[in-house]
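# Architecture and fold: a report
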Amino acid sequence: MARSMWKGAISFGLVHIPVEMYPAASDQGLDLSMLDRRDFAPIGFKRYNKATGKEVSWDDIVKGYEYSDGEYVVLSDEDLRRANPEATQTIDIIAFVNAEQVPLIYYEQPYYLAPGKGGDKVYALLRETLRDVGKIGIANVVIRVKQHLAALVCVGDTIVLNTLRYPDEIRPTDELKIPAADSKAAQVTEKELQMARALVEGMSEKWKPQQYHDTYREDVMALIKKKIAANQTKTLTEPEPEEEKPAKSNVIDLVSLLQASLGKKPSKAAADDDDDDEPPPRKARKPSEDDEDTDKDTGNRPPPRARKAPSHAATHASAKRTSAGTTAAKSAATKTAAKTAAKKTAAKAAPKPAAKAAPARRRKAA
């Protein structure tokens, strides 16, 4: 079991809850050592006396406050405790507030609080009260030599003390170039907002912390194993020369980016409304067997396939026949016009029906 780093009591009103504090987070980063690139020997740091230059062990180190140049007030751990025994041994709850009223930027470092000897019942009383009212406790606590503002939060069956930053520790955003809500350069269209909502909804899921892990650390460890297997443990990889990247435009087509994120192909006119889009032409339907039977019954046959272009000689002969036929047609047309000149009035009043002309053409063709 981990060793407690602080022992004291939670205090609110006249109630005291003996508790022990344990770290709630651990650093799982890469533990890299610094080496001398000339012989790859590890680099060490010494705690030395600046007056004599000799190394000093931890047992001979004490804390001190420099009140003037080169002059110090020595403070032991007991001195720091006696300065305010109640503050150093008590988590003093000063108020209860709604959790959503404390911005996340104020949260700093979590610690577990476990009940001390004889504190199970009062510990459970505070835990169930926090659950029932839906609030968190704001408290003062001294850890090591610094007083912290803290929040007591009920997480499952455990009370978690999360240290908070003071307001003067939060840097202002005045110097940052953050677009205002009414800025013309940052105005968002309704279409962009709808597509962004659709993207968020499509990526929404239940919180499952077990599925998240440090993939970068895994990649670095895989690279380490690869270099060990290739016997390249003392090989320094030099950076490759950077290629010149093409200049990027400052204009960002948000709709195209959102469409690509949603799995759609961005169009050239992505910003246009959907009403402007024309439907693609429908493909011609292939004739079925029923259609062919219907054509036979009604006499409507499908058009013949295109023939190959005739040769030059055939074209010349066809031109002669066409010329002769045209001359004969002109002579017949002149005679017909003379005969029908006297019957113009009757022809205007009663034109020939198309139904009778068709059989005559068929008989002539036969």
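Residues numbered from 1 in each chain as written. Predicted model: local features only at pLDDT ≥ 70, side-chain atom pairs only at ≥ 80, totals over all residues. Heavy atoms only, no water.

### Details of the overall build of the protein chain
A count of helical and extended segments in the protein chain gives 10 helices and 9 strands. Within the span of the protein chain, comprising 366 residues, buried residues form 14% of the whole. Excluding contacts between residues fewer than 6 apart, the proportion of contacts in the protein chain whose partners are at least 24 apart in sequence is 58%. Working note: accessible area of the protein chain is about 31,900 Å², and carbon and sulfur atoms make up 54% of it. (Helix = DSSP H or I, 4+ residues; strand = E, 2+ residues; numbered from the N terminus. Buried < 20%, exposed > 50% of the residue type's maximum accessible area, 1.4 Å probe, protein only. Contact = heavy atoms within 4.5 Å. Areas by Shrake-Rupley, 256 points an atom, 1.4 Å probe, with all protein chains shown as cover.)

### As for the confidence of the model for the protein chain
Predicted confidence across the protein chain gives a mean pLDDT of 76, with 69% of residues reaching 70 or more. The spread of mean pLDDT over the elements of the protein chain runs between helix 10 (residues 354-365), the lowest at 44, and strand 9 (residues 158-164), the highest at 96. In the predicted structure, residues 287-304 sits below a pLDDT of 50 and forms 4 contacts with residues beyond four places in sequence or in another chain. Across residues 308-330, confidence stays below pLDDT 50; counting only partners more than four residues off in sequence or on other chains, it has 1 contact. (pLDDT = per-residue confidence, 0-100.)

### As for the pattern of salt bridges
Taken as a whole and assessed by the stated rule, the structure comprises 9 salt bridges. For Asp77, the salt bridge is made with Lys63, and the minimal N-O distance between the two is 3.7 Å. Of this pair, Asp77 sits in helix 1 (residues 77-83) while Lys63 is found in strand 3 (residues 63-68), placing the two residues 14 residues apart along the sequence. Its relative accessible area of 58% is what places Asp77 among the exposed residues. In this structure, the salt-bridge partner of Asp157 is Arg131, at a minimum N-O distance of 2.6 Å. With Asp157 in the loop between strand 8 (146-155) and strand 9 and Arg131 in helix 3 (residues 120-133), this pair connects stretches of sequence that are 26 residues apart. The class for Arg131 is partly exposed, based on a relative accessible area of 39%. Each member of the salt-bridge network shares a partner with another, and the members are Arg127, Glu128, Arg131 and Asp157. (Salt bridge = Lys/Arg side-chain N within 4 Å of Asp/Glu carboxyl O.)

### Notes on the side chain of Thr88
Mapped onto the secondary structure, Thr88 falls in helix 2 (residues 85-89). Here Thr88 falls in the buried class, since its relative accessible area comes to 18%. Beyond its immediate sequence surroundings of up to four residues, Thr88 is in contact with Trp6, Leu80, Arg81 and Val142.

### What about the pairing of strand 2 (residues 15-23)?
Of the pairings in the sheet, the one linking strand 1 (residues 6-12) to strand 2 comprises 7 bridges and is antiparallel in character. Bridging from a neighbouring strand, Phe12 pairs with Val15 of strand 2. Counted between consecutive antiparallel strands, the loop separating strand 1 from strand 2 contains 2 residues, among which Gly13 sits at a positive phi close to 65°. Sheet analysis places strand 2 next to strand 6 (residues 107-115), joined by 5 bridges and oriented antiparallel. (Pairing = 2+ DSSP bridges.)

### A word on the pairing of strand 6
Remember that side chains alternate between the two faces of the sheet whenever the strand is regular. Of the strand pairs in this sheet, strand 6 and strand 9 are connected by 6 bridges, and their pairing is antiparallel. Each bridged residue has a counterpart across the sheet, and for Leu113 the counterpart in strand 9 is Ile159.

### Section: the packing of aromatic side chains
Going through the model one piece at a time under the given rule, you end up with 2 aromatic pairs. With 6.2 Å between their ring centres and 85° between their planes, Phe12 and Phe96 make a pair best called edge-to-face. Residue Phe12 is located in strand 1, and its partner Phe96 is located in strand 5 (residues 90-98); the two are separated by 84 residues in the primary sequence. Note on Phe12: relative accessible area 22%, which makes it partly exposed. (Phe/Tyr/Trp six-rings, centres within 6.5 Å; stacked < 30°, edge-to-face > 60°.)

### A closer look at the sheet that holds strand 2
Strand pairing in a sheet is mediated by backbone hydrogen bonds. Such pairs are either parallel or antiparallel. Taken together, 7 strands build a closed barrel; the order of strands is 1-2-6-9-8-7-5 and the barrel is mixed. On average, adjacent strands in this sheet sit at an angle of 40° to one another, irrespective of strand direction. Helix 3 contacts strand 1, strand 2, strand 5, strand 6, strand 7 (135-143), strand 8 and strand 9 of the sheet and is inclined by roughly 85° relative to strand 2. (Axes fitted to C-alpha atoms, helices over the stretch in contact; angles between N-to-C directions.)

### A closer look at helix 5 (residues 215-229)
With 15 residues, helix 5 should reach 21 Å at 1.5 Å per residue; the first-to-last C-alpha distance of 21 Å fits that figure. For helix 5, the N-terminal cap is Asp214; the gap from its side-chain oxygen to the backbone nitrogen of Tyr216 is 3.3 Å. One or two steps after helix 5, the chain reaches Asn231, where phi turns positive at roughly 55°. (Expected span 1.5 Å × (residues − 1). Polar contact = N/O pair within 3.5 Å; in protein donor to acceptor, adjacent residues only side chain to side chain.)

### Focus: a nonpolar patch on the surface
Nonpolar side chains collect at one region of the surface, where Tyr65, Tyr67, Val73 and Leu75 lie side by side and expose about 400 Å² of accessible area between them. Examined against the element boundaries, Tyr65 turns out to sit in strand 3. With a relative accessible area of 54%, Tyr65 lands in the exposed category. (Patch = residues over 30% accessible without salt bridge, like charges linked within 9 Å, V, L, I, M, F, W, Y side chains within 5 Å.)

### Details of the nonpolar core
A general trend in soluble globular proteins is that nonpolar side chains are found buried together. Residues Ile10, Val19, Met21, Ile91, Leu113, Leu152 and Leu161 are the most contacted members of the largest nonpolar core, which totals 19 residues. Within the residue set of this core, elements represented by two or more residues are strand 1, strand 2, strand 5, strand 6, helix 3, strand 7, strand 8 and strand 9. In contact with Leu152, not counting residues within four places along its chain, are Ile10, Ile91, Ile93, Leu113, Leu130, Ile136, Gly137, Ile159, Val160 and Leu161. Counting 6 residues, the second-largest nonpolar core is a separate cluster that includes Ile138, Leu149, Ala151 and Leu164. (Core = buried A, V, L, I, M, F, W, Y, C linked by side-chain atoms within 4.5 Å.)

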